[in-house]
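Listed below are the residues making up each chain.
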Amino acid sequence: MSIRIGLLLAAAGGCLGACATLPQASLHQQLGGADGIARLVAATIVEVHGDPRISELFAETDDAYFRARLEEFICQIADGDCDYAGLPMPDAHSGMDISEREFNYFVEDFERAMNTSRLPLAVQNRLLARLARLRDEIIRQ
Amino acid sequence: MRVGWAWLLLLSSLAAAAADGRLLGSGGLLSVEGSAGGGLVPWAVIAGHSGQGQWDALASASVVDSGDFDLRTGALALGWNNRMELSFARMSLGLDALVQANRFPDKRLDTDVIGAKLRLGGDLVYGRAPQFAAGLQWRRSRDADLASLAGADNDRGYDVYLSASKLWIDGIASRRTLASLTLRSTDANQLGLAGFSDQRSITLESSLAVFLDPNWLVGIEYRGKPDRLASAREDAWSDVFLAWLPSRHWHLALGYADLGSIGGFPGQRGYYLSVQGSP
Ligand code: HEM
């Protein structure tokens, strides 16, 4: 019994330093689950269409299809229980030749969407950090 | 300072459109010697927010006042393409303590710094590697006769430095966190305000900063310095700062700096204030 408590304490102590997210909700839950992600993606689509710096790229986009894929994608990258049914990132953005600048514009729009969705900053940063890792698969394709 | 703002207007006409290619704050602030970074040390970032094909122009004014001394800087910088930075700074040291002790004529000690910085590779925010940059700072004392009173060998010199900086989006407490390290070879005494030595020194500088939110940055900095003058000890500098970045166009920083011993007066500490504007 006391050994078990000791182990628990040790695990908790270790977690303070190393794995602050372990006992917490998954990122998917922190995003507000499927509903939260749906709100976020809807807001993102509004933002990119309203951003003259990149709206041209989305001019012919089938929003309903894009919304469904982006929801799945974010759900999956946030450790939710979803299967992304769209194209791999390089294929999804091939032929667009997205520049580093345009990537940044998208990130800014996405940040605005996360703010409108009232996501806490820590959650925003956790999600953004995961998406930022994909930049090389998205730019200059 | 008036000259500085006139320059800014001129430079802003060069900048075709406001540079918006990078995340807010990713250009740091103009330091006391004009190079982009924290208040006292350069980072591997290019001043401003220029992305591919963009220019950015910046001007800043800052003051550190320790009571016995005050250091004022007016600086201008150009950032291009998130690749290259050119800067000019005029540092001016007020010598109240020395003047009152009748050890110096009643005059400020001015030193100019022309800086160039090149991003060698990597990206501050994206990818695993940090961003690397190499920089040059040419310095010239405008009051060489006074600097030589302090025992300096030369009235001009140059620094070469290498910086590595990284920003983690999901850093400390899931806040954006920036760490930076700079290795410098310098012949300047007190940044050149006390002239230059024949002998060069290698120094190490570092910063750690956390974005409380995208508009507020707190940080600490440390700047190793040489200690070569027999007449007066020179110490490392350090500071803590809080910067407010309401937009790409305005940055404001308030800090508390420890400048160690200056001109034989130990324990020089005081507030640091810096304002930066960009079109
Ligand atoms: C990490 C950031 C990004 C993620 C996670 C992402 C995700 C996606 C996904 C899931 C799709 C649908 C793929 C499919 O068709 O099966 C897509 C398509 C697309 N993305 Fe991205 N994307 C990102 C960045 C960008 C950027 C920076 C731009 C442009 C500035 C962009 C522009 C587009 C466009 C125009 C489409 C095609 C829509 C259409 O079918 O017309 N994306 N993206």
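This one's a predicted model, so the numbers in the text were calculated from it and none came from an experiment.

Considering the state of the cysteines
By definition, a disulfide links the sulfur atoms of two cysteines through a covalent bond. Residue and element names in this part refer to chain A. Using the criterion set out here, one finds 1 disulfide over all chains in the structure. The disulfide bridge from Cys75 ends at Cys82, spanning 1.7 Å between sulfur atoms. As the torsion about the S-S bond is roughly 75°, the Cys75-Cys82 disulfide counts as right-handed. Residue Cys75 is classed as buried on the basis of its relative accessible area of 4%. The class for Cys82 is partly exposed, based on a relative accessible area of 25%.

With respect to the sheet that holds strand E10 (residues 196–213) of chain B
Residue and element names in this part refer to chain B. Read around the closed barrel, 12 strands run E3-E4-E5-E6-E7-E8-E9-E10-E11-E12-E13-E14, paired in antiparallel fashion. On average, adjacent strands in this sheet sit at an angle of 20° to one another, irrespective of strand direction. Inspection of the sheet shows strand E11 (residues 216–223) paired to strand E12 (residues 237–244) by 8 bridges, in the antiparallel sense. By the bridge assignment for E12, Tyr222 is matched with Ser238.

What to know about the coordination of the iron atom of the ligand
Around a metal, the idealised angle for a tetrahedral arrangement of four donor atoms is 109.5 degrees; for an octahedral arrangement of six donor atoms it is 90 or 180 degrees. In this structure the iron atom of the ligand is ligated by exactly one protein donor, His93(A) (NE2), at 2.0 Å. With respect to the secondary-structure elements, His93(A) resides in the loop between helix H5 (89–92) and helix H6 (100–116).

Remarks on the confidence of the model for chain B
Looking at chain B as a whole, its pLDDT mean stands at 93, while 94% of the residues score no less than 70. The ipTM for the predicted assembly is 0.89, set against a pTM of 0.90.

Some points on the packing of aromatic side chains
Under the criterion given, the structure shown has 9 aromatic pairs over all chains. With centroids separated by 6.5 Å and ring planes inclined at 15°, the aromatic side chains of Phe58(A) and Phe106(A) adopt a geometry described as stacked. With Phe58(A) in the loop between helix H3 (33–50) and helix H4 (63–77) and Phe106(A) in helix H6, the pair connects residues that are 48 residues apart, well separated along the chain. Overall, the relative accessible area of 26% leaves Phe106(A) in the partly exposed class. Their ring planes at 90° and their centres at 5.4 Å tell us that Phe103(A) and Tyr126(B) sit as a pair that is edge-to-face. In this pair, Phe103(A) is assigned in helix H6 and Tyr126(B) in the loop between strand E6 (109–121) and strand E7 (131–141), connecting two distinct chains.

Quick word on the pairing of E6(B)
Along a regular strand, successive side chains alternate from one face of the sheet to the other. Residue and element names in this part refer to chain B. Inspection of the sheet shows strand E5 (residues 84–94) paired to E6 by 10 bridges, in the antiparallel sense. By the bridge assignment, Ser92 is partnered in E6 with Asp110. Of the strand pairs in this sheet, E6 and E7 are connected by 10 bridges, and their pairing is antiparallel. When the sheet's bridge partners are listed, Arg119 is paired in E7 with Ala133.

Considering the pattern of salt bridges
Enumeration over the complete set of coordinates arrives at 29 salt bridges over all chains. Of the charged contacts in the structure, one is a salt bridge between Glu108(A) and Arg248(B), with a shortest N-O distance of 2.2 Å. Of this pair, Glu108(A) sits in helix H6 while Arg248(B) is found in the loop between E12 and strand E13 (250–258), placing the two residues in two different chains. Its salt-bridge partner being Arg184(B), residue Glu33(B) comes within 3.1 Å of it at the nearest N-O pair. Taken as a pair, Glu33(B) in the loop between strand E1 (29–30) and strand E2 (36–37) and Arg184(B) in strand E9 (residues 176–188) lie far apart in primary sequence, 151 residues in all. One continuous salt-bridge network, built from bridges that share partners, spans Glu33(B), Arg139(B), Asp159(B), Arg184(B), Glu205(B) and Arg223(B).

Description of the interface of chain B and chain A
Listed by partner, the interface residues are 20 residues for chain B and 19 residues for chain A. Note on chain B versus chain A: buried area summed over both sides is about 1600 Å², and carbon and sulfur give 48% of it. It is Gln52(B), Tyr126(B) and Ile169(B) in chain B that bury the most area against chain A; as a group they hold 36% of the surface buried on that side. Along the contact surface separating chain B from chain A lie 4 salt bridges. Two residues, Glu111(A) and Arg176(B), come together in a salt bridge whose shortest N-O distance is 2.5 Å. Taken together, the links from chain B to chain A amount to 11 residue pairs in polar contact (both at pLDDT 80 or more).

Describing H3(A)
Along an α-helix, residues three or four positions apart point the same way, because every turn accommodates 3.6 residues. All names here are of chain A. Helix length check: H3, at 18 residues, gives a terminal C-alpha distance of 26 Å against a target of 26 Å (1.5 Å per residue), a fit within 8%. The set of residues buried in H3 consists of Gly33, Gly36, Ile37, Leu40, Val41, Ala43, Thr44, Ile45, Glu47 and Val48. Summarising the contacts, the buried residues of H3 are in contact with helix H2 (27–30), H4, H6 and helix H7 (121–132).

Rules used in this analysis
- Residues numbered from 1 in each chain as written.
- Chains lettered and ligands numbered in written order.
- Predicted model: local features only at pLDDT ≥ 70, side-chain atom pairs only at ≥ 80, totals over all residues.
- Heavy atoms only, no water.
- Disulfide = S-S within 2.5 Å.
- Buried < 20%, exposed > 50% of the residue type's maximum accessible area, 1.4 Å probe, protein only.
- Pairing = 2+ DSSP bridges.
- Helix = DSSP H or I, 4+ residues; strand = E, 2+ residues; numbered from the N terminus.
- Axes fitted to C-alpha atoms, helices over the stretch in contact; angles between N-to-C directions.
- Donors = N, O, S within 2.8 Å, 3.2 Å for Na, K, Ca; no water.
- pLDDT = per-residue confidence, 0-100.
- Phe/Tyr/Trp six-rings, centres within 6.5 Å; stacked < 30°, edge-to-face > 60°.
- Salt bridge = Lys/Arg side-chain N within 4 Å of Asp/Glu carboxyl O.
- Contact = heavy atoms within 4.5 Å.
- Buried area = accessible area lost by both parts, 1.4 Å probe.
- Polar contact = N/O pair within 3.5 Å; in protein donor to acceptor, adjacent residues only side chain to side chain.
- Expected span 1.5 Å × (residues − 1).

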